[in-house]
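# Per-entry structural report
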Amino acid sequence: MAATGAAVALAAIVFAALSARSSIAPSGDRRTGAQERGKPVTPLAARAPSEAGRFPAPSAAVPESYAGLAEEAQTLAAWIGARHPDQPQSTALAATIAAERGDQETAATAWRAHLERHPESAEGWYRLGLYAAKEGRDAEAAEWLERARRLDPTLPDIQGHLGRCLLKSDRVAEAAVVLEPVIGDDRGGAVRLFHLGHVRLRQGNDGEARAAFQGAIDRAPTYTGAWYGLATALSRLGLADDAERARTEFRRLKAADAETAARNLSRDESVRMRRLLAGWYAAAGRIATLDRDTEEAKALLSRGAAVEQAASSSTAAGEGH
Amino acid sequence: MVPSRIAPCRLHLVALFLIALTVGCSQPTPPAAPPKTPPSAGPASSPPPAIAPGPSEPTPSSAAAPIRFADATEDSRIGFVHTDGSSGRRYLVEPLSAGVATFDFDGDGRIDLYFPNGALLPGAEPGDSGSPPRHALCRNLGAGVFGDVSLAAGIDCRDYGLGVVAGDIDNDGFPDLFLTTFGAKRLFHNLGDGTFADATESAGVADGEKVGAGAALLDADGDGDLDLYAANYVRFTLENHRPRTVKGFPAYAGPRDYPPWPDTFFRNSGDGRFADASVEAGIAAVAGPGMGVVCLDHDDDGDTDIYVGNDALEGNFLFENDGRGNFRETALAAGVAVNRFGAEIGSMGTEAGDADGDGRIDLFVTDFQPDLPVLFRNLGRGQFEDATAATAAGSGAWQFVTWGTAMADFDNDGRRDLFLACGHLNDNVEAFDDTTSYRNHNLLLRNVGGRFVDISAAAGLHDIPRHAARGVACDDLDDDGDLDLVILNSREAPTLLRNLDRERGGTNHWCQVRLRGRQGNRDGVGAKVVVQAGEETFVDEIHAGRGYQGHFGTRLHFGLGAHPAIDRIEIRWIGGSTETFTDVPIDRLTELAEGSGQAVVAADSSPAP
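Here the residue index of a chain counts from 1 through its sequence in written order. Chain letters and ligand numbers both follow the written order, the letters beginning at A and the numbers at 1. In view of the model being predicted, local features appear only for residues whose pLDDT reaches at least 70, and side-chain atom pairs are presented and counted only at 80 or more, with totals across whole chains, interfaces and linings using the full set of residues. Note that the side-chain values use all heavy atoms of the structure and ignore hydrogens as well as water.

Residues and elements named next belong to chain A. Put simply, DSSP marks the helices as runs of H or I at least four residues long and the strands as runs of E at least two long, and each gets a number from the N terminus on. Helix span, expected: 1.5 Å multiplied by one less than the number of residues in the helix. Taking 1.5 Å of rise per residue, the 13 residues of helix α10 (residues 190-202) would be expected to cover 18 Å, and the 19 Å separating its terminal C-alpha atoms lies within 8% of that figure. With a 1.4 Å probe rolled over the protein chains alone, any residue whose accessible area is under 20% of its type maximum counts as buried; one over 50% counts as exposed, and the rest are partly exposed. Extensive coverage of α10 is indicated by the burial of 11 of its 13 residues. Inspection of α10 places Ala 190, Arg 192, Leu 193, Phe 194, His 195, Leu 196, Gly 197, His 198, Val 199, Arg 200 and Leu 201 among the buried residues, and these make up the whole buried set. Note on contacts: a residue pair qualifies if any of its non-hydrogen atoms lie within 4.5 Å across the two residues. Looking at the packing, one finds that the buried side of α10 touches α8 (158-168), α9 (172-179), α11 (206-219) and α12 (224-236).

Here you go:
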């Protein structure tokens, strides 16, 4: 009974976060950050689950505009959060959808609400840490990521993220402690080696920096940042010709990156959003399956397929280049 | 300015997330000591983190703040209001306008202001006055008051202004004005009687129709007159305008939408004319979307090099001078092209100064949100390193697009602080990104022993109305011995910030230096000035053109801390000669003339209060 009550409470928290964007805001007439800035807030009723136990899969045509697709995504997020509050994936999905809409505040709030019920959620601390890192709050990010690491050291590239935040906070020695286990570990990721290279540069150990950057390049040969780091290390070691070769490769890869970025600019954002929404429906279907709600899962996956089909059709019609 | 670069990155992250979701989220391991409360705005109190919190700097209260500014805009009677000429069509040039300049145009010893302005673009309606917007030259009348003398001074400029630099191109003792615009460049020759004549055509500096950017004056070949460097942005025209959206909301196009222009280098022929030497001097060998420009002797070899901030593409440029005015682009090898992670900087403003007091001129570059501005520490021998993290030079800046900047000693303690002008380019950014806003407060980072501490609130900057700031210029506008600021705000009136250091009883000493070249250019542009006071050495160079497409600081200002005297000032003039001046008074403006060996208190120097 208590668990049911807590689940309802969490659903309400997530739901409120998605609608009013701040479940932890004081009551009264204090406005949210979005309201203060004049950002439109969709009325709560527009996204309320219509009937418990039945997904209100839209039968209408898949929206054409980015705004319409985003609205449907928000409805999905509210639904899945309210229906499956105990699944961490629900919060992850809701937070991801909010973040895609530029709403970091709601995304973080959703994770905080999740952590209120599941303080042992490594995923929750991890996501909060990544949001803080994205916003440049590196010291805070380091704390959340360290908590996440202690709970689950296998989170995707947790050492790399934590090491980077420590390095950016000028906590070089601590960054080294986090990143050093990478040495000799075949599973060590390129990103971790990249940050370890920067730690070594800061420590004045140019030889080890060179080895770390080279290791990152061995794992990811098009890693431009690692090529730049390698050039820096080689230059400091007095190996001017080798440094210039690394810089040349850096320039070449950067030029290729620029071409890709220019191509991406001409993509239609509604096409991109359609693809994202199709993926989110698929994820929601898996969440429903985890809770053995097969009817709902079927409805979600069906809608996802319709959205995916619309995405494929628009691509074939040349909307997205 | 990189309005459209976020989406692909975010898509990538979302894709990664979905992959993680597909393979299953990690199962939580029960913590040894699980936290009892979730985090709110700040770190949770329990349990203590395994990693100790990083060093934090105390933020002083307003009363105890070592630096404090007051909004002196209203009292200044500056009537200028900027327009970007917009009508909602979002032409690329709108958010780029404009830089700002401070310089003494009439030689009365008071520093005057120049505000470039936008112009009406297609679809825009004239304002209430019905007359098209024009630039404003505001004469410093003393007592903190400025009067618009543009028309009386012969400057009736209604071009779409972007950048400005001031300098004495004919060595006649009066600074001339060079403007970059969306269109042809403009040169106004100072006639010495308080008026200017349009010398664009006779000097040959129009340079076609381009989107201009920052500009700088330098004696590139050491022949005694000032040459001209003008950055150009991208090949945008009204005809190839591309509407963009971000998350379905209308937004400005960015540098990736158009190919870049190469920058332009004009060599001064010494007869009032300039020759386009971009190709032969090596400048046109590369092209990038240029914005801020600052010149400095980065390798301390006695000639002036050029540093150009490029907006996100190509990396920044460092043109190394061979001493004869021929240049080679060496930014990547010097370590100032990209940040330490190898990522291009969405460069806006560029500034040069000795940030760490080691006697070498460092570089600072403002950046697009959410990236941090970058401080490049000069290591000597022409090599730099990204010292942003080590010095916290990006404190408080992640959520802002930062534009104009000044590295200056606002409390005269001998260490250069950082001021950053902030404001987004999209006036609707709040609709699709809740981490930032269009109008922001500006940032002041105080230099505390080599680390920068965000004291914006304590310094009073949060008490001042927020704007979408662009250019900033920094000079002692009221001649009281501390450095004031003027900020150009897009679509609004400018902000004048009066430094209250002296009024609040600041006891640190200072000196201001005005150079008079004889063999070299008259204002000593490019000269290196070394002030020796006790065991401390303070270094600067005379720059013409800096920050975000603006100009300031022709009169050098040195904070001396508690030093009661200056032992000597050493000047290395462009051309190679070095000269030492002794008996230089403190707390005064002093004029140092090339070849005289004699420091002279300037006639217009105000006594220390």
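Residue and element names in this part refer to chain B. Strand order in the open sheet made by the 4 strands is β2-β3-β4-β5, with antiparallel pairing throughout. Strands with a single pairing partner mark the edges of an open sheet, and in this sheet they are β2 (101-103) and β5 (145-148). Neighbour to neighbour, the strand axes of the sheet diverge by 25° on average, direction disregarded. Paired strands, in this sense, are two strands between which DSSP finds at least two bridges. In terms of strand pairing, β2 meets strand β3 (residues 112-115) through 3 bridges, oriented antiparallel. When the sheet's bridge partners are listed, Ala 101 is paired in β3 with Tyr 114. Interaxial angles span 0 to 180 degrees and are taken between N-to-C directions of axes, which are lines fitted to C-alpha atoms, for helices over the stretch in contact.

A separate point is the confidence of the model for chain B. Low-pLDDT stretches of the model should not have their predicted coordinates read in fine detail. Residues and elements named next belong to chain B. Chain-level statistics for chain B give a pLDDT mean of 89 and a share of 88% at 70 or above. The predictor reports its confidence for every residue as pLDDT, a score running from 0 up to 100. Across residues 2-58, where pLDDT falls below 50, the model places 115 contacts with residues more than four positions away in sequence or in other chains. Our summary of model confidence lists the complex with pTM equal to 0.85 and ipTM equal to 0.81.

You can see Pro 175 of chain B is positioned in the loop between β6 (161-167) and β7 (176-183). Pro 175 of chain B sits 223 residues away from Trp 398 of chain B along the chain, and the two C-alpha atoms are 37 Å apart.

This brings us to the pairing of strand β33 (residues 536-541) of chain B. All names here are of chain B. As paired strands, strand β32 (residues 528-533) and β33 are joined by 6 bridges and run antiparallel to one another. Bridge pairing links Lys 528 to Glu 541 in β33. Count of turn residues in the β32/β33 antiparallel hairpin: 2 residues, of which Gly 534 carries a positive phi of about 60°.

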